Amino acid sequence: MNEAVLYVIYRGTPADRFDRAYYVERHLPLVRNAFGAYGLVSLAAFYPAKDTSETVAICECRFTDSASIEVAFSSREVAAVMADVPRFTDLEPLRLRVLPL
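Residues numbered from 1 in each chain as written. Predicted model: local features only at pLDDT ≥ 70, side-chain atom pairs only at ≥ 80, totals over all residues. Heavy atoms only, no water.

Okay, the overall build of the chain next. In terms of helices and strands, the chain carries 3 helices and 4 strands. Secondary structure elements of the chain, listed N to C terminal, follow the sequence β-α-β-β-α-α-β. Taken over the C-alpha trace, the chain has a radius of gyration of 13 Å; the compact-globule value for 101 residues is 13 Å, and the two agree within 12%. For the chain, with 101 residues in total, the buried portion stands at 38%. (Helix = DSSP H or I, 4+ residues; strand = E, 2+ residues; numbered from the N terminus. Rg over C-alpha atoms; globule rule 2.2 N^0.38 Å. Buried < 20%, exposed > 50% of the residue type's maximum accessible area, 1.4 Å probe, protein only.)

Written as structure tokens, this is what we have:
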């Protein structure tokens, strides 16, 4: 099986609330703890180089395979992960699964 990648993208403007410190220090560890048992291999956060982008933040989530993404986002732990989002932003996360070329 091949590793699968899911991007969680937050789109908005530089004026939108997005607490980077909370995101990195609290939310990402919550995601790691919640989904690690379901095949989450690694997490990485990225921010645009310029404040003119419509993208505020991107999280790259690497899972062992595509099925593990489904299991993780169908688990009971997903409720706690989603309930944490309003603590660092008002933006709606957009999930985008990518396939290797």
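Overall, the coordinates contain 7 salt bridges when judged by the stated rule. A salt bridge links Arg62 to Glu3; the shortest N-O distance between them is 2.8 Å. Residue Arg62 is found in strand β3 (residues 55–63), and its partner Glu3 is found in the segment before β1 (4–11); the two are separated by 59 residues along the sequence. Classification of Arg62 by relative accessible area gives partly exposed; the value is 27%. Taking the shortest distance from any N to any O, the salt bridge between Glu54 and Arg11 comes out at 2.7 Å. Of the two residues, Glu54 is situated in the loop between β2 (40–46) and β3 and Arg11 in strand β1; the sequence distance between them amounts to 43 residues. (Salt bridge = Lys/Arg side-chain N within 4 Å of Asp/Glu carboxyl O.)

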